[in-house]
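# Topology and contacts: notes
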Amino acid sequence: MGENDDIDTPDNTLGPKLEASLTEVAAAAADLKPIAKHKTLSIIIRDRAVLFAAYMPFLKSGGLFIPTKKMFSMTESCTLIITLISEEDKFTVNGKVVWITPPGSPNNKAGGIGVEFAEDLEGERLKRRIEDILGPLLRSTNATHTM
């Protein structure tokens, strides 16, 4: 067969079984919902006061409030790529959304999300590092983005 030759089928049809299968596949595809895209947020925190305001120590695994205009829903999974203060190494942690402050909230609170770190080695490593950096500030009663 040449490159541009057509494949001959009787009556130029695909055949009833194949046509029925294609119809079923098309119907099933119409019922599928789009797969949610996994979101990644990259954050650079250059200052202890900013870290204090963003840290969520009341979460079992620790977490951070991330100012963002991206839309998230509660319990949505995401990945954080975090650079702390002046450290060269970045932390890449998975987490889930546990807090949402909508843009334009009262008291001039920044709009964004609170992400609880995953209960894994990277999440625990980031939590320990943040708490080492904050030290005595963790006992402060100053307001944060979430409390």
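Here's a quick rundown of the structure. What you see is a predicted model; the values in this text were computed from it and never measured. Counting of residues starts from 1 at the beginning of each chain's written sequence and follows it residue by residue. With pLDDT at 70 or above as the cut-off, local features in this predicted model cover only qualifying residues; side-chain atom pairs require 80 or more to be listed or tallied, and sums for whole chains, interfaces and linings still use all residues. With hydrogens and water stripped out, all remaining heavy atoms of the structure feed into the side-chain values.

## Quick word on the overall build of the protein
Each helix is a run of H or I in the DSSP string that is no shorter than four residues. Each strand is a run of E no shorter than two, and both are numbered from the N terminus. Looking only at helices and strands, one finds 3 helices and 5 strands in the protein. In the protein, the succession of α and β elements from N to C terminus is α-β-α-β-β-β-β-α. Put simply, the protein has 147 residues, and 32% of those count as buried. When contacts within the protein are restricted to residue pairs at least 6 apart in sequence, long-range pairs at least 24 apart make up 65% of them. Note on areas: Shrake-Rupley with a 1.4 Å probe; residue coverage comes only from the protein chains shown. Per element, the accessible surface of the protein, about 10200 Å² overall, is 56% carbon and sulfur. Any residue under 20% of the maximum accessible area for its type is buried, any over 50% is exposed, and the rest in between are partly exposed; the area is computed with a 1.4 Å probe on protein chains only. We call two residues in contact whenever any of their non-hydrogen atoms come within 4.5 Å of each other.

## Description of the pattern of salt bridges
Here, a salt bridge means any side-chain nitrogen of Lys or Arg that lies within 4 Å of a carboxyl oxygen of Asp or Glu. Counted under the stated rule, the structure contains 5 salt bridges. Here Glu87 and Arg129 are joined by a salt bridge, their closest N and O atoms 2.5 Å apart. With Glu87 in the loop between strand 3 (77–84) and strand 4 (90–101) and Arg129 in helix 3 (residues 121–134), the pair connects residues that are 42 residues apart, well separated along the chain. Note that Glu124 and Arg128 form a salt bridge whose closest N and O atoms lie 3.6 Å from each other. In this pair, Glu124 and Arg128 both sit in helix 3, 4 residues apart, roughly one turn of the helix.

## A short note on the nonpolar core
What makes a nonpolar core is a set of buried Ala, Val, Leu, Ile, Met, Phe, Trp, Tyr and Cys residues whose side-chain atoms join them at distances within 4.5 Å. Leu64, Leu80, Ile82, Leu84 and Ile130 are the most contacted members of the largest nonpolar core, which totals 24 residues. Other than its neighbours up to four places away in sequence, Ile130 contacts Leu51, Tyr55, Leu64, Leu84 and Phe117.

## Describing unusual backbone geometry
Glycine aside, residues mostly have negative phi angles, and peptide bonds mostly take the trans form. Here Thr75, not a glycine, exhibits a phi torsion of approximately 70°, which is positive. With respect to the helices, strands and loops of the structure, Thr75 is situated in the loop between strand 2 (63–67) and strand 3. Looking at Thr75, the relative accessible area reads 56%, which means it is exposed.

## A look at helix 3
Expected helix span is computed as 1.5 Å times (number of residues minus one). Relative to the 20 Å expected for 14 residues at 1.5 Å per residue, helix 3 spans 20 Å between its end C-alpha atoms, a close match to the ideal helical length. Within helix 3 the residues assigned to the buried category are Gly123, Leu126, Lys127, Ile130, Ile133 and Leu134. Buried residues in helix 3, looked at end-on, bunch into an arc of 130°, giving them a common side. Of the residues in helix 3, the exposed ones pointing more than 90 degrees away from the buried face are Leu121 and Asp132. Buried positions along helix 3 lie against helix 2 (48–54), strand 2, strand 3, strand 4 and strand 5 (112–117). Between the side-chain oxygen at the start of helix 3 and the backbone nitrogen of Glu122 there is a gap of 3.3 Å, and the oxygen is on Asp120. Note that the arc is defined by the directions from the helix axis to the C-beta atoms. Polar contact is defined as a pair of N or O atoms within 3.5 Å, subject to the rule that within protein one atom must be able to donate a hydrogen and the other to accept it, and that residues adjacent in sequence are counted only when both atoms are side-chain atoms.

## Focus: the pairing of strand 5
Counting buried residues in strand 5 gives 6 out of 6 residues, a clear majority hidden from the surface. Strand pairing follows a simple DSSP-based rule, namely that at least 2 bridges must link the two strands. Sheet topology places strand 2 next to strand 5; 5 bridges connect them, and they run antiparallel. For Phe65, the partnering residue across the bridge sits in strand 5 and is Gly114. The sheet contact formed by strand 4 and strand 5 spans 6 bridges and is antiparallel. Among the inter-strand pairings, Gly95 is bridged to a residue of strand 5, identified as Phe117.

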